[in-house]
Amino acid sequence: MPVIAPMPAARPARIPSQRDGAEDSMAAGTTVDHLTETYRAHYRSLLGLAALLLDDTASCEDVVQEAFIRVHSARKRVRDPEKTLAYLRQTVVNLSRSALRRRIIGLKLLSKPMPDMASAEEGAYDQLERDALIKAMKGLQRRQREVLVLRYFADMTEAQVAETLGISLGSVKAYGSRGIAALRVAMEAPA
């Protein structure tokens, strides 16, 4: 895959000389222009450095771009403009290490076995059982069906079911008991 690099600079960046004041030297190291010139001049070499550490072009490009972004945001700490490239190289190395670390962690997580999952046959049997249960539930009296659905599918207590349906607690117990007995008979009967 070809690597697309930015256009080279028309002229090299001006590096302040010794006779320039210390204030000018610090300002030159923090300018966006100097970083842009460094980017244009050294993009390919930094991409090559990342390629030695990483294995795919897209990751290399991402690392180099991220390095420039990070150095740009911290450019005020680069007091000597001649050290800008060193900061960039170190940032590329650190970001490449981080990318490799994330990959290793991802591979460790992937290598763990998946939790026990039902096979396709088990899933089909479960579906058949659900269908049979639904059919059996439809065969119950309305109150029995309501009590069982609220009690076991909505996970309500007997008191909550009684309050919801507006019947006594004893009625809830009776409808529930009779409904479960009717379900047992319906589920055990041959289809």
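Procedures and definitions
- Residues numbered from 1 in each chain as written.
- Predicted model: local features only at pLDDT ≥ 70, side-chain atom pairs only at ≥ 80, totals over all residues.
- Heavy atoms only, no water.
- Helix = DSSP H or I, 4+ residues; strand = E, 2+ residues; numbered from the N terminus.
- Buried < 20%, exposed > 50% of the residue type's maximum accessible area, 1.4 Å probe, protein only.
- Contact = heavy atoms within 4.5 Å.
- Areas by Shrake-Rupley, 256 points an atom, 1.4 Å probe, with all protein chains shown as cover.
- Core = buried A, V, L, I, M, F, W, Y, C linked by side-chain atoms within 4.5 Å.
- Axes fitted to C-alpha atoms, helices over the stretch in contact; angles between N-to-C directions.
- Parallel < 35°, antiparallel > 145°, perpendicular 65-115°, else oblique.
- Nonpolar A, V, L, I, M, F, W, Y, C, P; charged D, E, K, R; others polar.
- pLDDT = per-residue confidence, 0-100.
- Patch = residues over 30% accessible without salt bridge, like charges linked within 9 Å, V, L, I, M, F, W, Y side chains within 5 Å.
- Salt bridge = Lys/Arg side-chain N within 4 Å of Asp/Glu carboxyl O.
- Phe/Tyr/Trp six-rings, centres within 6.5 Å; stacked < 30°, edge-to-face > 60°.
- Lys NZ or Arg CZ within 6 Å of the ring centre and 35° of its normal.

Enquirer: Which parts of the structure should I look at to understand the overall build of the chain?
Expert: The number of helices and strands found in the chain is 8 helices and 0 strands. Walking the chain from its N terminus toward its C terminus, one meets helices and strands in the order α-α-α-α-α-α-α-α. Per-residue burial for the chain yields a buried fraction of 25% across its 191 residues. Pairs at least 24 apart in sequence give 64% of the contacts found in the chain among residues at least 6 apart. Element-wise, carbon and sulfur atoms account for 56% of the exposed surface of the chain, whose accessible area totals about 13,800 Å².

Enquirer: Can you walk me through the nonpolar core in this structure?
Expert: Taken as a class, soluble globular proteins show a tendency for nonpolar side chains to be buried jointly. Within the largest apolar cluster, 17 residues are counted, with the highest numbers of intra-cluster contacts made by Leu46, Ala50, Val63, Val64, Phe68, Leu88 and Val92. For this core, the secondary-structure elements that each account for two or more residues are α2 (32–53), α3 (57–73) and α4 (84–111). With 6 residues, the single largest contributor to this core is α3. Excluding anything up to four places from it in sequence, Leu88 contacts Leu35, Thr38, Leu46, Ala67, Phe68 and Val71. Ranked by size, the runner-up nonpolar core spans 7 residues in total, among them Val147, Val161, Ala162 and Leu165.

Enquirer: I keep staring at the packing of helix α7 (residues 158–165) against helix α8 (residues 169–188) and nothing clicks. Help me out?
Expert: When two helices pack together, you describe them by how their axes are tilted relative to each other and by the distance separating the axes. At a minimum axis distance of 8 Å, the contact between α7 and α8 shows a crossing angle of 105°. Comparing the axis directions of α7 and α8 gives the class roughly perpendicular. The residues of α8 that touch α7, namely those facing Glu158, Ala159, Val161 and Ala162, are Leu169, Val172 and Lys173. Along the lines of polarity and charge, the residues of the contact of α7 with α8 split into 5 nonpolar, no polar and 2 charged.

Enquirer: Please explain the confidence of the model for the chain as it appears in this structure.
Expert: Segments scoring low in pLDDT should not have their predicted coordinates read at a detailed level. On average, residues of the chain score 80 in pLDDT, and 80% of them reach the 70 mark or higher. This stretch, residues 7–13, has a pLDDT under 50; its non-local contacts, to residues over four places away or in other chains, come to 7 contacts. Within the model, the stretch residues 15–28 combines pLDDT values under 50 with 11 contacts to residues more than four positions away or in other chains.

Enquirer: What exactly am I supposed to notice about a nonpolar patch on the surface here?
Expert: Judged by side-chain polarity, Val149, Tyr152 and Phe153 come together as a nonpolar surface patch covering roughly 330 Å² of accessible area. Its place among the elements puts Val149 in helix α6 (residues 142–153).

Enquirer: Is there a simple way to think about the packing of aromatic side chains in this case?
Expert: For any pair of aromatic rings, the description rests on two quantities: the centre-to-centre distance and the angle between the ring planes. In the structure shown here, the tally under the stated rule is 2 aromatic pairs. Over the face of the ring belonging to Tyr152 we find Arg151, whose NZ or CZ atom lies 5.6 Å from the ring centre.

Enquirer: Explain the packing of α6 against α8 to me, please; I cannot follow it from the model alone.
Expert: As a packed pair, α6 and α8 sit with axes 8 Å apart at the nearest point and diverge in direction by 95°. Comparing the axis directions of α6 and α8 gives the class roughly perpendicular. Contacts between α6 and α8 involve Arg143, Gln144, Val147, Leu148 and Tyr152 from the former and Val172, Tyr175, Gly176, Arg178, Gly179, Ile180 and Leu183 from the latter. Looking at the contact of α6 with α8 residue by residue, the class counts come to 7 nonpolar, 3 polar and 2 charged.

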